[in-house]
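Residue-level structural notes
Residue-level listing of the chains:
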Amino acid sequence: MHHAPSHFIIRISCPAVSGIVAAVTTYLAEQGCYISEMAQFDDEGNGRFFMRAVFRFNQGLDGDIGNIESGFADVASRFDMDWSLHSSAKPMRVLLMVSKFDHCLADLLYRHAKGELDMTITAIVSNHLDLRPMAEREGIRFIYLPVTKDTKAQQEAELLKIVAETGTELVVLARYMQILSDDLCRQLSGKAINIHHSFLPGFKGAKPYHQAYERGVKLIGATAHYVTSDLDEGPIIEQEVQRVDHAYAPDDLVAIGRDTETIALSRAVKYHLEHRVFLNHDRTVIFK
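For clarity, every value in this text was computed on a predicted model and none was experimentally measured. (Residues numbered from 1 in each chain as written. Predicted model: local features only at pLDDT ≥ 70, side-chain atom pairs only at ≥ 80, totals over all residues. Heavy atoms only, no water.)

1. Looking at the side chain of Arg276
Here Arg276 lies in the loop between helix 8 (250-273) and strand 12 (277-280). Reaching out from Arg276, the side chain makes a polar contact with the side chain of Glu37 at a distance of 3.2 Å. From its side chain, Arg276 meets the backbone oxygen of Phe287 in a polar contact 3.0 Å long. (Helix = DSSP H or I, 4+ residues; strand = E, 2+ residues; numbered from the N terminus. Polar contact = N/O pair within 3.5 Å; in protein donor to acceptor, adjacent residues only side chain to side chain.)

Okay, structure coming up:
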């Protein structure tokens, strides 16, 4: 769901102890704020507490969010909180990365145009020129960064430079078919989302859907996850599956695969844009 521009979102994670919710809600109430949405989770396995709250100033009150933020530091210190405060009036700045497949990019651009994804697209970066016309049709800056074994480090440095210059807060690999280095993955930790096909078993290499056909799979799946140095093993944000059977030809599986990939990726991006995703070691906590 979209939040009104006048709303603010506070995200909190901290050691699980008594009094956290009371402290947060009391503080916001004392500052003349109304909480319209709140979710919390206590991970008893590692003693970590997670909370997300959406609030606004009470009607007729022209509050100062800067004062809210500075004053909350005392509450945060008391509970050893990792926390952040975000305004719904400020769309997240997102950079999209693609190669030759266009279905995920087309879906994200469509949902953005329809207002489903509240973001500012800073650029589309690609290691191929195939999707340049799509970017130009939308009036989005297209940056060509061809990658070879010899230029990989140089182009990744250029990518980080673009991220910094554009103020990019999230990088989305919308079927970007290039393995990122361990160093780049570390620098984009928690700020880069990837999409890949996921099967049981997990077919690797060229033509995974054709491999799936040969093995007679019964489920077609896709997984959206945060990028880590362990290829395709980062914290999972969203998954989508569709059932298939013996009547589906390889091309049918490819088509279904496109659908599952676009659905899983768009949901994951939306959850991140709305500050609903918390990293919890190798897993995620998502308040939907």
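Additional details are given in the paragraphs that follow.
2. Description of the packing of helix 3 (residues 103-113) against helix 8
Packing of helix 3 against helix 8 brings their axes to within 9 Å, and their N-to-C directions diverge by 45°. Classified by the interaxial angle, the pair formed by helix 3 and helix 8 is oblique. Pair helix 3 / helix 8 crosses with right-handed handedness. Listed contacts from helix 8 to His103, Cys104, Asp107, Leu108 and Arg111 of helix 3 are Arg258, Glu261, Thr262, Leu265, Ser266 and Val269. Residues that form the contact of helix 3 with helix 8 fall into these classes: four nonpolar, three polar and four charged. (Axes fitted to C-alpha atoms, helices over the stretch in contact; angles between N-to-C directions. Parallel < 35°, antiparallel > 145°, perpendicular 65-115°, else oblique. Left-handed = near helix turned anticlockwise from the far one by under 90°. Contact = heavy atoms within 4.5 Å. Nonpolar A, V, L, I, M, F, W, Y, C, P; charged D, E, K, R; others polar.)

3. Some words on the nonpolar core
Ranked by internal contacts, the top residues of the largest apolar core, which has 33 residues, are Leu96 and Leu265. Put simply, the parts of the chain that give this core at least two residues each are strand 5 (92-98), helix 3, strand 6 (119-126), helix 4 (132-137), strand 8 (170-173), strand 9 (192-197), strand 10 (219-226) and helix 8. Ranked by residue count, the leading element in this core is helix 8, at six residues. One finds Tyr27, Phe57, Ala76 and Phe79 within the second-largest nonpolar core, a separate group that totals 22 residues. (Core = buried A, V, L, I, M, F, W, Y, C linked by side-chain atoms within 4.5 Å. Buried < 20%, exposed > 50% of the residue type's maximum accessible area, 1.4 Å probe, protein only.)

4. What about the sheet that holds strand 4 (residues 82-87)?
One open sheet accounts for four strands, arranged 2-3-1-4; its pairing is antiparallel. With one partner strand each, in any of the chains shown, strand 2 (33-43) and strand 4 form the two edges of the open sheet. Mean inter-strand twist for the sheet, computed between neighbouring axes without regard to direction, equals 10°. Relative to strand 2, helix 1 (residues 20-30) is tilted by about 165°, and along the sheet it contacts strand 1 (8-15), strand 2 and strand 3 (48-57). Against the sheet, helix 2 (residues 65-78) makes contact with strand 1, strand 2, strand 3 and strand 4, and its axis sits at roughly 165° relative to strand 4, the strand it touches most. (Pairing = 2+ DSSP bridges.)

5. A short note on a negative patch on the surface
The grouping of Asp182, Asp183, Asp230, Asp232, Glu233 and Asp282 at the surface amounts to a negative patch. Considering the arrangement of structural elements, one finds Asp183 in helix 6 (residues 182-187). (Patch = residues over 30% accessible without salt bridge, like charges linked within 9 Å, V, L, I, M, F, W, Y side chains within 5 Å. Areas by Shrake-Rupley, 256 points an atom, 1.4 Å probe, with all protein chains shown as cover. Salt bridge = Lys/Arg side-chain N within 4 Å of Asp/Glu carboxyl O. Lys, Arg positive; Asp, Glu negative; His and termini not counted. Charge placed at Lys NZ, Arg CZ, Asp CG, Glu CD.)

6. So, the packing of aromatic side chains
The full count for this structure, using the stated rule, is six aromatic pairs. Ring centres of Phe72 and Trp83 lie 4.9 Å apart, and the angle between their planes is 65°; on these two criteria the pair is classed as edge-to-face. In this pair, Phe72 sits in helix 2 while Trp83 sits in strand 4, placing the two residues eleven residues apart along the sequence. Its relative accessible area of 26% is what places Trp83 among the partly exposed residues. Here the aromatic residues Phe8, Phe55 and Phe57 are joined through ring pairs into a cluster of three or more. (Phe/Tyr/Trp six-rings, centres within 6.5 Å; stacked < 30°, edge-to-face > 60°.)

7. Section: the environment of Asp64
Here Asp64 shows up in the loop between strand 3 and helix 2. Along the sequence, Asp64 and Tyr248 sit 184 residues apart, while their C-alpha atoms lie 58 Å from each other.

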